[in-house]
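Observations on chain architecture
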Amino acid sequence: EPVEDKQALLDFLHNIHQSNSLNWKQSSSVCREWTGVTCNGDQSRVIALRLQGEGIQGPIPPNTLSRLSAVQILSLRSNGISGSFPSDFSKLGNLIDLHLQFNNFSGPLPSDFSEWKNLSIIDLSNNGFNGSIPNSFSNLTHLTSLNLANNLLSGFIPNIEIPSLQSLNLTNNNLTGSVPRSLLRFPSRVFSGNNLSSETALPPAFPPEPPRKNKKLSEPAILGIVLGGCVLGFAVIALLMVCCYLKKDRRGGLPTKSQKREGSSKKNTLKSQEKSNRFVFFEGCSLAFDLEDLLRASAEVLGKGTFGTTYKAAFDDATAVVVKRLKEVPVVKEFEQHMEVIGSIRHPNICALRAYYCSKDEKLTIIDYYEQRSVSAMLHDTIGEGRIPLDWETRLRIAIGAARGIAHIHTQNGGKLVHGNIKASNIFLNSEGYGCISDIGLAALMSPVPPSVMRAAGYRAPEITDSRKATHASDVYSYGVLLLELLTGKSPIHSTGGDEVVHLARWVHSVVREEWTAEVFDVDLLRYPNIEEEIVEMLKIGMSCVVRMPEQRPKMTDVVRMVEDVRRGSTENPPSSETNLEISVSNPTP
Ligand SMILES: Nc1ncnc2c1ncn2[C@@H]1O[C@H](COP(=O)(O)OP(=O)(O)OP(=O)(O)O)[C@@H](O)[C@H]1O
């Protein structure tokens, strides 16, 4: 137990005004039980403190958090913290990430940032910091991301020459002068909303920033929160709006247009109330809307899943986010910890979690809206005159992408993270047209779902009787069913015409055993020339994933290699015109 760190945290707790009471008790274990606290391996020091959206008000009491000298990650974002930048934070010499955004800090920034030699991410955006940007930022040789947007900073932008700096945001301040040469590599939008001179010397590659339509709306007086053009702010607003709609929805359906107009005056109040609750949003959100567009957004129910209802919040320019409202999430702390793990994952084949909301009664997750809908919709939904068949190239990319995404999930959280609900309705297409997987690990958090009502029934491995106890091997099984679905075009549970319900894995096995392999494949696929070898290879992989014994299934990393080889193999050995569709059934499926 890190006794001194614990005392520092208790001193902090006893000297702040905090509206959502933290569960920090002298008698409980700081490393194992306290919300937002992470210790090192031997539990001798606190190394991360994440108190996002905890409703903390007022200034940070001096000589409290600054005693956490081993802390590397400090996040106090989305609270109501006021006062100046705590000068004693200079003692936190091990800091790597500092998140103080969306608070009410004021006064100048510290003049000497060189104390924090390891700092990599600094987010001080959406506060009331004034004065100039200190030159000492240049000494932060490990800095990768600096966000000072939506403050009251003035004066010239210093020449910050840090090669590692990849992300910069200085929008909506009162900065003057021109953009220094060292920062010309960043796009003009990261400097917009300032008083920079026209000879800002932006290189011709960066078009001039169009006038900001909603400039007046970025004033703090309007919404009480400074959102301006900040990208992350959009997620918050969308979240708040949807909360508003959801509350209406609870009273009976989504609001009509006139109800929306009536309700708009109430939205601001709701926004500020909710802001002081438990909003947490993650970096990297690249959505960009005008605030007006956001206020016009409407909510639509996409569907009711096992764990709650999913909404689309759409904006006038067709941009949208998806809000999942989860029911029956038993433990707040577990939910928050899980969201922090998921929110930090950035991978091309994993749908990024943009934000979440957590209170005792309400839990929401926010992700991007995928216009083409899910792989399930692409395979099975009839649109307009009929279904547009999914071509083999797309199906192959879905399979490769999903495999890569799941393999990455299996490496997270010390190799303990499991998806637990892999199915076609949780897979979308990323910008490169590869599969991208969503809803990671939610099943493990929820109340157990009886196998009979599990919507994922057809994908569920035979050994899984409790929906919360999925494993890497059961994920491999579910992925195998997904492959069979892509190859056959059939749902994981389907009927053959009579009353009988057929499980896809069993059906494929029986057809292959009868040596009618060609009958297995979706007729839409058989139209494509020269793909027999690839689809047969893929079928073999799918069948190896759905064997009954979990220990006989391949590991996800092997599956990635195998599905990638399907394409590689056939380019190296082009298929003969007469491909043999025979498959040997060596491994009985259930
Ligand atoms: N980000 C998204 N973009 C587009 N459609 C989505 C998105 N997220 C979910 N959907 C669609 O919304 C519908 C409801 O999704 P939801 O996740 O609630 O249920 P489900 O996937 O059918 O079941 P489960 O709750 O077991 O995952 C599904 O058709 C799903 O594909």
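Quick summary incoming for the structure in this document. Note that the structure is predicted; figures quoted are calculated from it, not measured. (Residues numbered from 1 in each chain as written. Predicted model: local features only at pLDDT ≥ 70, side-chain atom pairs only at ≥ 80, totals over all residues.)

Turning our eyes to something else, we now look at the overall build of the protein. Looking only at helices and strands, one finds 16 helices and 25 strands in the protein. For the protein, with 590 residues in total, the buried portion stands at 43%. Of the contacts made within the protein by residues no fewer than 6 positions apart, 58% connect residues no fewer than 24 positions apart. (Helix = DSSP H or I, 4+ residues; strand = E, 2+ residues; numbered from the N terminus. Buried ≥ 20, exposed ≤ 12 C-beta atoms within 10 Å, placed from the backbone. Contact = placed C-beta atoms within 7 Å.)

Relative to the elements of secondary structure, V190 occurs in the loop between β14 (174–177) and β15 (195–196). Ignoring anything within four residues of it in the chain, the contact list for V190 reads L168, N169, L170 and T171.

At a closest axis distance of 10 Å, the pairing of helix α11 (residues 472–488) and helix α12 (residues 504–513) adopts a crossing angle of 60 degrees. Regarding the angle of α11 to α12, the classification is oblique. Of the two elements, α11 crosses α12, and the hand of that crossing is left-handed. Of the residues in α12, those in contact with V481, L484, E485 and T488 of α11 are L504, A505 and V508. (Axes fitted to C-alpha atoms, helices over the stretch in contact; angles between N-to-C directions. Parallel < 35°, antiparallel > 145°, perpendicular 65-115°, else oblique. Left-handed = near helix turned anticlockwise from the far one by under 90°.)

Taken together, 20 residues are adjacent to the ligand, and L302, G303, G305, S374 and S425 come closest. Put simply, the parts of the chain that give the shell around the ligand at least two residues each are β17 (298–305) and β19 (320–326). Top element by residues in the shell around the ligand is β17. It accounts for three residues. (Near = placed C-beta within 6 Å.)

Attention now goes to helix α7 (residues 332–343). With 12 residues, α7 extends 16 Å between its outermost C-alpha atoms, agreeing within 8% with the 16 Å of an ideal straight helix rising 1.5 Å per residue. Listing the buried residues of α7 in full gives E336, H338, M339 and I342. Down the axis of α7, the sector holding all buried residues measures 165 degrees, keeping them to one side. (Expected span 1.5 Å × (residues − 1). Arc of directions from axis to C-beta.)

Geometric descriptors of this kind do not, in isolation, establish any biological role.
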